[in-house]
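Here are the chains, one letter per residue:
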Amino acid sequence: GENVEQHPSTLSVQEGDSAVIKCTYSDSASNYFPWYKQELGKRPQLIIDIRSNVGEKKDQRIAVTLNKTAKHFSLHITETQPEDSAVYFCAASRGTSYGKLTFGQGTILTVHP
Amino acid sequence: KAGVTQTPRYLIKTRGQQVTLSCSPISGHRSVSWYQQTPGQGLQFLFEYFSETQRNKGNFPGRFSGRQFSNSRSEMNVSTLELGDSALYLCASSSEGSGNTIYFGEGSWLTVV
């Protein structure tokens with residue numbers, strides 16, 4: 001089955017710096033890659049996603065890049081703010097698997113004021 | 001539009017008992033999936049239902065089961081509870097109309113003592 005590896009497990013940055021989280025996946029048939037942000041005690045919230053026919057997608061301070069050949073995708077957060085502090089999860093799924101996401105282990109991002 | 005609603009939010013059960021968790025998807029969403037979140041194992045897919053049929057299943061024992069009703073509401077049941085079943089159980093819904101983007105509920109916190 002699909003396996004998703006996520007690095008780093010913890011990331012500490014200063015406010016205003018950039019943060020990058022990387023994920024690799026094993027199933028070459030995966031074609032949907034969402035990123036979720038989960039604050040303590042709350043639900044995972046979708047922050048951005050990318051599909052395999054796109055190499056990069058940007059939404060304000062957040063961007064995701066996908067390299068299908070290397071089977072990895074990355075989340076980039078620029079101009080980080082303290083409210084960006086949370087756990088970030090990457091995930092992957094096949095188009096035919098709909099509600100079945102395979103998640104990475106998560107990255108605890110801490111943004112210091 | 002109301003989000004994904006889960007009940008109960010918190011519950012404590014004794015080892016050997018069974019538990020039923022309920023989920024109401026976003027209006028118009030026909031796919032409902034369930035995930036288990038624990039500190040050690042992260043977010044793991046349990047199963048997914050679409051139009052009252054189980055469409056995908058994760059690697060969990062048969063003690064974990066679910067169903068979906070004609071109004072797309074879903075329930076999951078865990079029988080013969082074990083201490084290791086203590087977790088946050090997340091329900092998520094999606095629709096083909098929204099590109100199969102998956103939205104999570106707030107979860108049900110289950111503690112087994």
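As a reminder, the structure under discussion sits directly above these lines.
Residues numbered from 1 in each chain as written. Chains lettered and ligands numbered in written order. Predicted model: local features only at pLDDT ≥ 70, side-chain atom pairs only at ≥ 80, totals over all residues. Heavy atoms only, no water.

The next point concerns the nonpolar core. Core analysis: the largest hydrophobic core is formed by 24 residues, its most contacted members being A:Trp35, A:Phe73, A:Leu75, A:Tyr88 and A:Leu109. When contributions to this core are tallied by element, the ones reaching two or more residues are β2 (10–14), β3 (19–25), β4 (30–38), β5 (44–51), β7 (62–67), β8 (72–77), β9 (86–94) and β11 (107–112) of chain A. Leaving out residues up to four positions away in the same chain, A:Leu75 has contacts with A:Ala19, A:Val20, A:Ile21, A:Trp35, A:Ile47, A:Ile48, A:Ile62, A:Ala63 and A:Tyr88. Listed in part, the 21 residues of the second largest apolar core include B:Leu21, B:Leu46, B:Tyr49 and B:Leu81. (Core = buried A, V, L, I, M, F, W, Y, C linked by side-chain atoms within 4.5 Å. Buried < 20%, exposed > 50% of the residue type's maximum accessible area, 1.4 Å probe, protein only. Helix = DSSP H or I, 4+ residues; strand = E, 2+ residues; numbered from the N terminus. Contact = heavy atoms within 4.5 Å.)

Take the sheet that holds strand β6 (residues 56–59) of chain A next. Residue and element names in this part refer to chain A. Spatial strand order, β1-β3-β8-β7-β6: five strands in an open sheet with antiparallel pairing. Only two strands of the sheet have a single partner each, and these edge strands are β1 (4–7) and β6. Neighbour-to-neighbour, the strand axes of the sheet open up by a mean angle of 15°, direction not taken into account. Relative to β8, β7 runs antiparallel, the two being bridged by six bridges. (Pairing = 2+ DSSP bridges. Axes fitted to C-alpha atoms, helices over the stretch in contact; angles between N-to-C directions.)

Moving on, we get to the state of the cysteines. The bond known as a disulfide is covalent and runs between the sulfur atoms of two cysteines. Applying the stated criterion across every chain, the model contains two disulfides over all chains. The disulfide that involves A:Cys23 links it to A:Cys90, with 1.9 Å between the sulfurs. On the sign convention where negative is left-handed, the bridge of A:Cys23 and A:Cys90, at about -100° about the S-S bond, is left-handed. Of this pair, A:Cys23 sits in strand β3 while A:Cys90 is found in strand β9, placing the two residues 67 residues apart along the sequence. The same class applies to A:Cys23 as to A:Cys90, namely buried. Covalently, B:Cys23 is tied to B:Cys91 through a disulfide, its sulfur atoms 1.8 Å apart. With the S-S dihedral at roughly -65°, the linkage between B:Cys23 and B:Cys91 falls on the left-handed side. Here B:Cys23 is found in strand β3 (residues 19–24), whereas its partner B:Cys91 is found in strand β9 (residues 87–94), with 68 residues between them in sequence. (Disulfide = S-S within 2.5 Å.)

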